[in-house]
Amino acid sequence: MILVTGATGNVGGEVVQALVREQQPVRALVREQTDLPVEQAVGDLNEPTSLATALDGVGAVFLLPGYRDMPGLLTAMRQAGVKRVVLLSSLATVATDTRNAVSEFMIRSESAVRESGLAWTFLRPNAFMSNALRWLPQLRSSDVVEDGFGDVPIASVDPYDIAAVAVRALLDSGHEERIHMLSGPQRLLPAERLAILAQVLGRDLRFHPLTDEQARADMSERMPEEYVHAFLSFYSDRTLDESLIYPTVEEVTGHPPRTFHQWAVAHANDFR
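Bear in mind the structure is a predicted one, so any value in this text is a computation, not a measurement. (Residues numbered from 1 in each chain as written. Predicted model: local features only at pLDDT ≥ 70, side-chain atom pairs only at ≥ 80, totals over all residues. Heavy atoms only, no water.)

Caption draft 1: Representation of the nonpolar core within the structure. Within the largest apolar cluster, 53 residues are counted, with the highest numbers of intra-cluster contacts made by Val 15, Phe 62, Leu 63 and Met 77. For this core, the element with the most residues is helix α6 (residues 159–171), which contributes seven residues. Residues in contact with Met 77, not counting those within four places in the same chain, are Leu 55, Val 61, Leu 63, Val 82, Val 85 and Leu 118. If you look at the next biggest cluster of nonpolar residues, it comprises 20 residues, including Leu 194, Ala 198, Trp 263 and Phe 271. (Core = buried A, V, L, I, M, F, W, Y, C linked by side-chain atoms within 4.5 Å. Buried < 20%, exposed > 50% of the residue type's maximum accessible area, 1.4 Å probe, protein only. Helix = DSSP H or I, 4+ residues; strand = E, 2+ residues; numbered from the N terminus. Contact = heavy atoms within 4.5 Å.)

Caption draft 2: Region of the structure containing the pairing of strand β6 (residues 119–125). With six of seven residues buried, β6 is to be regarded as a mostly interior element. Sheet topology note: the strand β5 (residues 84–88)/β6 ladder contains five bridges and is parallel. Within the sheet, the bridge partner assigned to Arg 84 lies in β6 and is Ala 119. You can see the chain leave β5, run along helix α4 (residues 101–114) and come back into β6, and the turn it takes is right-handed. (Pairing = 2+ DSSP bridges. Right-handed = clockwise from strand over helix to strand, strands pointing away.)

Caption draft 3: Examining the packing of helix α8 (residues 212–220) against helix α9 (residues 225–235) more closely. Between α8 and α9, the least distance of the axes is 9 Å, while the angle of their chain directions is 145°. Crossing of α8 over α9 shows right-handed handedness. Where α8 approaches α9, its residues Asp 212, Arg 216, Met 219 and Ser 220 are matched on the opposing element by Glu 225, Val 228, Phe 231 and Leu 232. When grouped by side-chain class, the residues that make up the contact of α8 with α9 number four nonpolar, one polar and three charged. (Axes fitted to C-alpha atoms, helices over the stretch in contact; angles between N-to-C directions. Left-handed = near helix turned anticlockwise from the far one by under 90°. Nonpolar A, V, L, I, M, F, W, Y, C, P; charged D, E, K, R; others polar.)

Caption draft 4: Representation of the sheet that holds strand β4 (residues 60–63). Read from one edge to the other, the open sheet built from seven strands follows the order β3-β2-β1-β4-β5-β6-β8, with strand pairing classed as parallel. With partners counted over all chains shown, the strands left at the sheet margins are β3 (39–42) and β8 (178–182), one partner each. For this sheet, the mean inter-axis angle between neighbouring strands, taken without regard to orientation, is 20°. Here strand β1 (residues 2–4) pairs with β4 via three bridges, running parallel. Looking across to β4, one finds that Ile 2 is bridged to Ala 60. Docked against the sheet, helix α3 (residues 70–80) engages β4 and β5, running at close to 155° with respect to β4.

Caption draft 5: Focus on α6. Taking 1.5 Å as the rise per residue, α6 with 13 residues should run 18 Å; its terminal C-alpha atoms sit 18 Å apart, in good agreement. Extensive coverage of α6 is indicated by the burial of 11 of its 13 residues. When we look at burial in α6, the residues that qualify are Pro 159, Asp 161, Ile 162, Ala 163, Ala 164, Val 165, Ala 166, Val 167, Arg 168, Ala 169 and Leu 170. You can read the cap of α6 off the contacts: a side-chain oxygen lies 2.9 Å from the backbone nitrogen of Tyr 160, and it is on Asp 158. (Expected span 1.5 Å × (residues − 1). Polar contact = N/O pair within 3.5 Å; in protein donor to acceptor, adjacent residues only side chain to side chain.)

Caption draft 6: A look at the pattern of salt bridges. With the rule as written, the count across this model stands at 17 salt bridges. Asp 143 serves as the salt-bridge partner of Arg 203, at 2.7 Å between the closest nitrogen and oxygen. In this pair, Arg 203 is assigned in the loop between α7 (190–201) and β9 (206–209) and Asp 143 in the loop between α5 (136–141) and β7 (144–147), connecting sequence segments 60 residues apart. The structure contains a network of salt bridges with shared partners spanning Glu 22, Arg 168 and Asp 172. (Salt bridge = Lys/Arg side-chain N within 4 Å of Asp/Glu carboxyl O.)

Caption draft 7: Region of interest: the environment of Ala 164. Mapped onto the fold, Ala 164 is located in helix α6. For the pair Ala 164 and Val 249, spaced 85 residues apart in the sequence, the C-alpha separation amounts to 7.9 Å.

Caption draft 8: Geometry of the packing of aromatic side chains. Tallying each qualifying case throughout the model produces eight aromatic pairs. Consider the rings of Phe 231 and Phe 234, whose centres lie 6.0 Å apart with planes at 80°: the pair is edge-to-face. Remark: Phe 234 and Phe 231 occur in helix α9; sequence separation between them is three residues, near one turn of the helix. Every member of this aromatic cluster is reached through a ring pair, and the members are Phe 149, Phe 231, Phe 234 and Tyr 235. For the cation-ring pair, Arg 258 lies above Tyr 160, with the distance from its terminal atom to the ring centre recorded as 3.5 Å. (Phe/Tyr/Trp six-rings, centres within 6.5 Å; stacked < 30°, edge-to-face > 60°. Lys NZ or Arg CZ within 6 Å of the ring centre and 35° of its normal.)

This is the structure:
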């Protein structure tokens with residue numbers, strides 16, 4: 001049995017679907033019952049003692065980072081008989097400034113997994129293509145998207161491909177103690193991603209870049225200040241480089257990573 005955490009999220013949801021396609025036994029960890037078409041167990045990763053039912057019979061876990069007691073969480077997994085963990089980590093662990101809040105919890109999560117005694121694989125993807133979904137509120141009322149960091153190119157990656165690599169690491173040998181750096185096949189500016197989305201949707205969409213101060217104000221409405229500082233460090237101070245293109249997806253899965261156009265076509269209905 002494979003336990004998938006974050007099973008209703010962009011990546012975890014794709015991991016669940018990929019395991020179903022592989023006809024593998026999969027259990028989704030949820031905070032409350034959902035309409036996911038797989039076995040579900042209710043639990044809270046911040047409360048390791050709540051996971052006894054979820055971990056029953058589980059041999060491998062797809063794990064999200066950043067929970068309150070990562071060592072205790074991993075101890076509970078090991079004591080329940082889990083042998084392998086695939087951690088969704090981040091390039092924030094190797095940013096030139098690793099003192100910010102995002103890097104700190106990613107590094108802490110990786111350290112806990114390394115020290116857990118379990119076989120482990122880390123996935124360090126570039127930014128997700130699905131981050132474009134944050135434009136939805138603006139696109140419902142306008143053809144103009146305002147967003148920060150307009151001059152930062154990113155080789156973003158489709159969560160579908162992150163999940164495809166995760167499933168191979170969960171099921172196949174040879175991924176133990178490996179770090180998989182993941183990207184899509186193109187480095188694009190936000191305006192270029194929006195232009196692709198405009199083509200797919202048949203709309204005349206325009207991108208308006210925010211200044212760093214405007215971006216700070218915008219993000220401050222949606223996240224704690226320590227995370228605002230972290231993202232400004234990454235993208236304004238350029239302490240994180242997500243423009244690099246890696247061959248990992250094709251090397252691990254045998255298929256090339258999806259383009260942003262492919263992601264946009266697959267998710268066009270989300271924007272309509």
